[in-house]
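Summary of the model geometry
So you can see what is in the structure, the chains are spelled out below.
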Amino acid sequence: MSGSGTTDADDPLQTAVWRLRSRGCWADAAALLTPTADDPTVAVQRASLLIERCLYTEAGWADAEDALRAAEAVAQDDEERGAAACERGYLAYAATLHGVRDRADEARAALGRSAALLGPSSPRRALLDFRRGLVAQYLADAPQAARAAYRRAHAAATAQGDTLLLAFTWRHLAGLALREGELAEARHGFSESLRLREELGYLVGTAPALAALADAEPEPEASRLRAEAQRLFRLLGGVPTWLATQFAPHPAA
């Protein structure tokens, strides 16, 4: 699930879900969704929300696992099974990334299964490619493979008009550019990611975008961006948790 839920075509329920999600209220957003046997996509969306909560808060793993099993149980065709497998891979990735348990092999296998199930024209392939890029970058330390996956996801997200996914692909492509010392490219990508998140009102993702851009900017702009990121981080109660180490006070010399 990467769409914003804020377009004119979206119903009031999806708009409410998006507003809660964008403010880091994943459990409340999931509570609005009632999966049914005749609409498996709702079960996948609910699982996706709770998995995203795990990634941002390092909590709620059991709830996410239960929701994912429910989504897997009601999937009726290859598209739905592929969507559930993509979420399975993402949950395994998040657990490995945060050191809960090494599930890297499970992440790769589930995303590979998703790729086999989803058709070439499936709109879900953009998100799948992005997540395969995450696994390549952060679990396999394979930046070239990650870049190729991010670029495929970026192109597909552009074609589909998936603004939130574009915000993520810009951010991760910029991170790879920064790693290679390409400051101008990194600054552009981080700026685009921040702009899109602010336009969408994706508050929970704005602090990480500000902090990332700060890494590519000179002083005093870098300090201003970090201060704004820290303000939002505190406003959201310390979410996402991975920013805590960046904002920890440095011991006195």
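In this text the structure is predicted, and so the values were computed from the model without any measurement.

All right, on to the overall build of the protein chain then. Counting secondary structure elements, the protein chain contains 13 helices and zero strands. The linear arrangement of helices and strands in the protein chain, starting from the amino end, is α-α-α-α-α-α-α-α-α-α-α-α-α. Taken against the 2.2 N^0.38 rule, which gives 18 Å for 253 residues, the C-alpha radius of gyration of the protein chain at 18 Å falls within 12% of a compact globule. Counting over 253 residues, the protein chain shows a buried share of 49%. When contacts within the protein chain are restricted to residue pairs at least 6 apart in sequence, those whose partners lie at least 24 apart make up 54%. Of note, the protein chain has its 28 positive side-chain charges centred 3 Å away from the centre of its 34 negative side-chain charges.

Turning our attention to the environment of A209. By the secondary structure assignment, A209 is in helix 11 (residues 206–214). The class for A209 is buried, based on a relative accessible area of 3%. If we ignore the near neighbours within four places in the chain, the residues touching A209 are L194 and R197.

As a further point, take the side chain of R197. Tracing the backbone shows R197 in helix 10 (residues 183–200). One buried charged residue, R197, forms no salt bridge at all, with the nearest opposite charge on E52 at 9.1 Å.

Evaluation of the coordinates by the stated rule reveals eight aromatic pairs. Measuring from ring centre to ring centre gives 6.1 Å for F168 and Y202, while their planes differ by 70°; the resulting arrangement is edge-to-face. A residue pair is termed long-range when its members are at least 10 positions apart, and F168 in helix 9 (residues 163–179) and Y202 in the loop between helix 10 and helix 11 qualify at 34 residues. Among the aromatic side chains, those forming a connected cluster through ring pairs are W18, F130, Y150, F168 and Y202. Its end group placed over the ring of Y90, R131 keeps NZ or CZ at 3.9 Å from the ring centre.

Turning our attention to the nonpolar core. Among the nonpolar cores identified, the biggest contains 53 residues, and Y56 and Y202 are the most heavily contacted of them. Among the nonpolar cores identified, the runner-up in size contains 20 residues, and L194, L213, A222 and F233 belong to it.

Between the first and last C-alpha of helix 8 (residues 143–160) there are 25 Å, a value that for 18 residues agrees with the 26 Å anticipated at 1.5 Å per step. The set of residues buried in helix 8 consists of P143, A146, R147, A149, Y150, A153, H154 and A157. Along the long axis of helix 8, the arc covered by the buried residues comes to 165°, so they all point the same way. Exposed side of helix 8, more than 90 degrees from the buried face: Q144 and A159 are the residues found there. The inward-facing, buried residues of helix 8 abut helix 7 (125–139) and helix 9. G161 sits one or two positions beyond helix 8 and adopts a positive phi of about 70°.

Moving on, we come to the packing of helix 9 against helix 10. At a minimum axis separation of 8 Å, helix 9 and helix 10 run at an interaxial angle of 160°. With respect to each other, helix 9 and helix 10 are oriented roughly antiparallel. Judged by the twist between their axes, the crossing of helix 9 over helix 10 is left-handed. On the side of helix 9, the interface is formed by T163, L164, L166, A167, F168, W170, R171, A174, G175, A177 and L178, while helix 10 contributes L183, E185, A186, H188, G189, F190, E192, S193, L196, R197 and L200. Its residues placed into classes, the contact of helix 9 with helix 10 shows 13 nonpolar, five polar and four charged.

Our next topic: the pattern of salt bridges. Where charged atoms from two side chains of opposite charge approach closely, those side chains can pair. Under the criterion given, the structure shown has 23 salt bridges. We note a salt bridge from E106 to R103, for which the minimum N-O separation is 2.8 Å. Given the relative accessible area of 9%, R103 is considered buried. A salt bridge links E217 to R187; its shortest N-O distance comes to 3.4 Å. Residue E217 is located in the loop between helix 11 and helix 12 (221–235), and its partner R187 is located in helix 10; the two are separated by 30 residues in the primary sequence.

Cis geometry is adopted by the peptide bond preceding P220, which originates at E219 and carries an omega value of 5°. Mapping P220 onto the fold places it in the loop between helix 11 and helix 12. A cis amide bond links V239 to the next residue, P240, at an omega of 0°. In this fold, P240 is placed in the loop between helix 12 and helix 13 (244–247). With a phi close to 60°, E58 is a non-glycine residue in the positive phi region. Assignment of secondary structure puts E58 in the loop between helix 3 (40–57) and helix 4 (61–74). Assessed through its relative accessible area of 37%, E58 is described here as partly exposed. Positive phi values are uncommon outside glycine, yet D141 reaches one of about 50°. By secondary structure assignment, the location of D141 is in the loop between helix 7 and helix 8.

Rules of the game
- Residues numbered from 1 in each chain as written.
- Predicted model: local features only at pLDDT ≥ 70, side-chain atom pairs only at ≥ 80, totals over all residues.
- Heavy atoms only, no water.
- Helix = DSSP H or I, 4+ residues; strand = E, 2+ residues; numbered from the N terminus.
- Rg over C-alpha atoms; globule rule 2.2 N^0.38 Å.
- Buried < 20%, exposed > 50% of the residue type's maximum accessible area, 1.4 Å probe, protein only.
- Contact = heavy atoms within 4.5 Å.
- Lys, Arg positive; Asp, Glu negative; His and termini not counted.
- Charge placed at Lys NZ, Arg CZ, Asp CG, Glu CD.
- Salt bridge = Lys/Arg side-chain N within 4 Å of Asp/Glu carboxyl O.
- Phe/Tyr/Trp six-rings, centres within 6.5 Å; stacked < 30°, edge-to-face > 60°.
- Lys NZ or Arg CZ within 6 Å of the ring centre and 35° of its normal.
- Core = buried A, V, L, I, M, F, W, Y, C linked by side-chain atoms within 4.5 Å.
- Expected span 1.5 Å × (residues − 1).
- Arc of directions from axis to C-beta.
- Axes fitted to C-alpha atoms, helices over the stretch in contact; angles between N-to-C directions.
- Parallel < 35°, antiparallel > 145°, perpendicular 65-115°, else oblique.
- Left-handed = near helix turned anticlockwise from the far one by under 90°.
- Nonpolar A, V, L, I, M, F, W, Y, C, P; charged D, E, K, R; others polar.

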